[in-house]
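Chain and residue survey
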Amino acid sequence: MLVQSNDAPDKEIYIHINKAIEKGEVISSMMEKPLIENSAELTPELMFACCVRVNKLPIDDNVLLNYIATLDKELGRECLSDKFKFEKLKAEYQSKLEKSMAEFDFSKTYYIKVDHNRDEYDFTKKGYPPSFSSFKAESSKQRFFIISHGFYSLIGNPDMANFLPLDADSAEKYETRSKGAQKQSYSSPLIYSVVYLTLKDKRMEIPKDKYEVINLENKYRSSLIGADVKGIEVYDHPSFEYNLIGSNLSK
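Residues numbered from 1 in each chain as written. Predicted model: local features only at pLDDT ≥ 70, side-chain atom pairs only at ≥ 80, totals over all residues. Heavy atoms only, no water.

1. Comments concerning the environment of Cys51
Following the sequence through the fold, Cys51 ends up in helix α2 (residues 44–54). For Cys51, a relative accessible area of 1% corresponds to the buried category. Sequence separation between Cys51 and Arg221 is 170 residues; the distance between their C-alpha atoms is 8.8 Å. (Helix = DSSP H or I, 4+ residues; strand = E, 2+ residues; numbered from the N terminus. Buried < 20%, exposed > 50% of the residue type's maximum accessible area, 1.4 Å probe, protein only.)

This is the structure we're talking about:
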């Protein structure tokens, strides 16, 4: 491919496009349309309303202060330091939160954007295991979270979330590209995923282990949401749009 640059208008630059893509010098491969069309972004405001609703949390001053800070960080700081300003705004934001809770649409598919690591390619299963947060309970039964904006989505179908099918040729091209033009031996495990979720309108049970050291109920209850993964798009570019590695859609 022949290109010209405004920085050097008198010179012609030839690019071997396939090699450039392979080396990560050119952004390549993107989804023509979202994996799940008509999905809505699961914003921090929506997460907050959903979490308070499903966990039946009392709407006290602490919850309202956090809600205000979720919507407006600066206003949240002001309310935290000025009790009179907070008192004037309490009723307005409590009404706003209650309205958002009552109108939350659990029939929708939502999406979140998460940067995280992946594990090594599995040649037997032919794919990558993305690495999300987890804990063990109930005799070492594994439970999986996807964390976004400080909220924990407890995943009901972890097999869907924890494996990205990809043939070996595509995996090789991705890892070669991620090593860059210098052909470094290290391939970054950092990936960028658009995760599509449906949320559960119920209070999730946190499994307990008789030997647990950390009180999981206290740690997670105020930020816990139940969800199922409907699909996932995985990229190696922080735009969450370019350099698509692969995708997976639940059946």
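2. Digging into helix α4 (residues 73–81)
Along α4, the residues classified as buried are Leu75, Gly76 and Cys79. Take α4 and look down its axis: the buried residues cluster within an arc of 105°, on one side only. Residues of α4 that are exposed and point more than 90 degrees away from the buried face comprise Lys73, Arg77, Leu80 and Ser81. Along its buried surface, α4 packs onto α3 (61–71) and α5 (83–102). Measuring from the side-chain oxygen of the N-cap residue of α4 to the backbone nitrogen of Glu74 gives 3.2 Å; that N-cap residue is Asp72. (Arc of directions from axis to C-beta. Contact = heavy atoms within 4.5 Å. Polar contact = N/O pair within 3.5 Å; in protein donor to acceptor, adjacent residues only side chain to side chain.)

3. Description of the packing of α4 against α5
Following both chains from N to C, one finds α4 and α5 inclined at 125°, their axes separated by 6 Å at the closest point. On the basis of the axis angle, α4 is oblique to α5. Viewed along their axes, α4 and α5 form a crossing whose handedness is left-handed. Judged by residue contacts, Leu75, Glu78, Cys79 and Ser81 of α4 engage Lys83, Lys85, Phe86, Leu89 and Tyr93 from α5. Of the residues that constitute the contact of α4 with α5, the class distribution is 5 nonpolar, 1 polar and 3 charged. (Axes fitted to C-alpha atoms, helices over the stretch in contact; angles between N-to-C directions. Parallel < 35°, antiparallel > 145°, perpendicular 65-115°, else oblique. Left-handed = near helix turned anticlockwise from the far one by under 90°. Nonpolar A, V, L, I, M, F, W, Y, C, P; charged D, E, K, R; others polar.)

4. Thoughts on the pairing of strand β4 (residues 110–118)
One ladder, built from 2 bridges, connects strand β3 (residues 40–41) with β4; its direction is parallel. The residue bridging Glu41 from the neighbouring strand is Tyr111, located in β4. Summarising the sheet, β4 and strand β6 (residues 130–131) pair through 2 bridges and their orientation is antiparallel. Each residue of the ladder has a partner; that of Asn117, found in β6, is Ser131. (Pairing = 2+ DSSP bridges.)

5. Here's the deal with the packing of aromatic side chains
Enumeration according to the criterion identifies 13 aromatic pairs in this entry. With centroids separated by 5.6 Å and ring planes inclined at 85°, the aromatic side chains of Tyr128 and Tyr174 adopt a geometry described as edge-to-face. Taken as a pair, Tyr128 in strand β5 (residues 127–128) and Tyr174 in helix α7 (residues 168–178) lie far apart in primary sequence, 46 residues in all. The same class applies to Tyr128 as to Tyr174, namely buried. Considering the side-chain rings of Tyr152 and Tyr220, the 4.9 Å spacing of their centres and the 75° angle between planes classify their relative orientation as edge-to-face. On the criterion of sequence distance, the pair formed by Tyr152 in strand β9 (residues 151–155) and Tyr220 in helix α8 (residues 216–220) is long-range, its members being 68 residues apart. Assigned by exposure class, Tyr152 and Tyr220 land together as buried. (Phe/Tyr/Trp six-rings, centres within 6.5 Å; stacked < 30°, edge-to-face > 60°.)

6. Points about the nonpolar core
Leu97, Ile112, Ile146, Leu197, Leu199 and Val229 are the most contacted members of the largest nonpolar core, which has 49 residues in total. It is α2 that contributes the most residues to this core, 7 residues altogether. In contact with Leu199, not counting residues within four places along its chain, are Leu42, Cys50, Phe104, Phe106, Tyr110, Ile225, Gly226 and Ala227. (Core = buried A, V, L, I, M, F, W, Y, C linked by side-chain atoms within 4.5 Å.)

7. Section: unusual backbone geometry
The phi torsion at Lys126 lies on the positive side, around 60°, for a residue other than glycine. Topologically, Lys126 is positioned in the loop between β4 and β5. On the basis of relative accessible area, Lys126 is assigned to the partly exposed category, the value being 49%. Phi at Phe240 is positive, roughly 60°, even though this residue is not glycine. With respect to the secondary-structure elements, Phe240 resides in the loop between β12 (224–235) and β13 (244–249).

8. Describing the pattern of salt bridges
Counted under the stated rule, the structure contains 8 salt bridges. Among the salt bridges present, the one from Lys90 reaches Asp61, with a minimum N-O distance of 3.0 Å. Note that Lys90 is positioned in helix α5 and Asp61 in helix α3, a separation of 29 residues in sequence. Note on Asp61: relative accessible area 37%, which makes it partly exposed. Connected through shared salt-bridge partners, Asp61, Glu87 and Lys90 make up one network. (Salt bridge = Lys/Arg side-chain N within 4 Å of Asp/Glu carboxyl O.)

9. Quick look at the confidence of the model for the protein chain
Mean pLDDT over the protein chain: 85, with 78% of residues reaching 70 or higher. The secondary-structure element of the protein chain with the lowest mean pLDDT is strand β1 (residues 2–5), recorded at 54, while α5 shows the highest, at 98. The low-confidence segment residues 136–140 (pLDDT under 50) makes 10 contacts with residues lying over four places distant or belonging to another chain. (pLDDT = per-residue confidence, 0-100.)

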